[in-house]
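Spelled out, the chains give:
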Amino acid sequence: MVYKFLILSDENEIFLREITIDADNTFLDFHEAIVKAVNYDLHQMASFFLCNEDWEKEQEITLVEMDTSTEYDNLTMGKTVIADYVTDEGQKLLYVFDYMSERAFFIRLEEITTGKNLAQAVCLKSDGKAPEQISSEDDFLNFSKSEDMDANFYGDEDFELDELDEEGFSDMNFGEENEL
């Protein structure tokens, strides 16, 4: 059985990869196919997440064994066969490629072809440039200067420093009498 996956990125609207892979391959094989299709470093941490219809993360499949205390079993890519967890067309997955920033590809199983086998994964379609694998310090600095971090980000823009007492609390009376 052969699976055809569509891979998209929310960072680049024209980015798209279509990868076909044998359903009996492991998630490690799929990881390697994705890394090759986007020209990423194979040795960076990554994880797959099985998702529900709303792209909410459920079961994680990690590159290396990790000690987790979740409600799900600890699955590793090298020991987990794709067909054991991906069974329906339209099924959704996330492929987290940048752990520090939680950046990921959105993956959907587009087509299942029965009666065929595939020796190795193939990238059928490659459109657009993949986002950088690891966020740079410049990306973080640019985010911190964005509109969301304006002067009112922390509260009332009409705040006056002299409204605070020497301990940093307001002199305002909150309806309680303080007796010493």
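Note that the structure is predicted; figures quoted are calculated from it, not measured.

**Student:** Give a detailed account of the overall build of the protein, specifying residues and quantitative values.
**Tutor:** From N to C terminus, the protein includes 3 helices and 8 strands. Counting only residues that meet the buried cut, the protein has 33% of its 180 residues in that class. Sequence separation of at least 24 residues holds for 59% of the intrachain contacts in the protein that already meet a minimum separation of 6. Accessible surface, the protein: about 12300 Å² in total, of which carbon and sulfur atoms supply 47%.

**Student:** Please set out the pattern of salt bridges residue by residue, giving values where relevant.
**Tutor:** Taken as a whole and judged by the stated rule, the model has 8 salt bridges. One salt bridge in this structure joins Glu-11 and Arg-103, with 2.7 Å as the shortest N-O distance. Note that Glu-11 is positioned in the loop between β1 (2–9) and β2 (16–22) and Arg-103 in strand β7 (residues 103–113), a separation of 92 residues in sequence. Judged by its relative accessible area of 40%, Glu-11 is partly exposed. One salt bridge in this structure joins Asp-98 and Arg-103, with 2.7 Å as the shortest N-O distance. Among the residues examined, Asp-98 registers a relative accessible area of 2% and is labelled buried. Beyond isolated ion pairs, a larger network of salt bridges with shared partners links Glu-11, Asp-98 and Arg-103.

**Student:** Requested: an account of the pairing of strand β4 (residues 57–62), with residues and values cited.
**Tutor:** Both strand β3 (residues 47–51) and β4 contribute to a ladder of 4 bridges, which runs antiparallel. Paired with Phe-49 across the strands is Glu-60, a residue of β4. Here β3 hands over to β4 after 5 residues, with Trp-55 in that stretch at a positive phi of 65°. Strand direction decides the pairing type here: β4 and strand β5 (residues 75–76), joined by 2 bridges, are parallel. Along β5, the bridge assignment pairs Ile-61 with Leu-75.

**Student:** Lay out the layout of surface pockets with the relevant residues and their values.
**Tutor:** Considered as a void within the structure, the largest pocket measures approximately 210 Å³ in volume. Every residue along the wall of the largest pocket is listed here: Asn-25, Asp-29, Glu-32, Ala-33, Lys-36, Ala-37, Ala-119, Gln-120, Ala-121, Val-122 and Cys-123. Of all the secondary structure elements, the ones that give two or more residues to the lining of the largest pocket are α1 (27–38) and β8 (122–127). It is α1 that provides the largest number of residues to the lining of the largest pocket, a total of 5 residues. A breakdown of the residues in the lining of the largest pocket according to their chemical character gives 6 nonpolar, 2 polar and 3 charged.

About the cut-offs
- Here the residue index of a chain counts from 1 through its sequence in written order.
- Reporting of local features is limited, given that this is a predicted model, to residues whose pLDDT is at least 70; pairs of side-chain atoms are given and counted only at 80 or more, and all residues count toward the totals for whole chains, interfaces and linings.
- Note: side-chain values were computed over all heavy atoms of the structure, leaving out hydrogens and water.
- Only runs of H or I of at least four residues qualify as helices and only runs of E of at least two qualify as strands under DSSP, and these elements are numbered from the N terminus.
- Per-residue accessibility, obtained with a 1.4 Å probe over protein chains only, is compared with the maximum for each type, and a residue is labelled buried under 20%, exposed over 50%, and partly exposed between these values.
- In what follows, a contact means two residues having at least one pair of non-hydrogen atoms within 4.5 Å.
- Computed with the Shrake-Rupley method and a 1.4 Å probe, the accessible areas treat only the protein chains shown as cover for residues.
- By definition here, a salt bridge exists when the distance from a side-chain nitrogen of Lys or Arg to a carboxyl oxygen of Asp or Glu is within 4 Å.
- Pairing between strands requires that DSSP locate at least two bridges from one strand to the other.
- In the cavity and pocket records, a cavity denotes points on a 1 Å grid over the protein atoms alone where a 1.4 Å probe fits but cannot get out, a pocket denotes an open set with protein on both sides within 12 Å along at least 5 of 7 lines, and lining residues are residues with an atom within 4 Å of a point.
- Grid points are joined across faces, edges and corners, and a volume is the space filled by probe spheres set on the points.
- Throughout this entry, Asp, Glu, Lys and Arg are counted as charged residues, while Ala, Val, Leu, Ile, Met, Phe, Trp, Tyr, Cys and Pro are counted as nonpolar. The remaining residues, Gly among them, count as polar.

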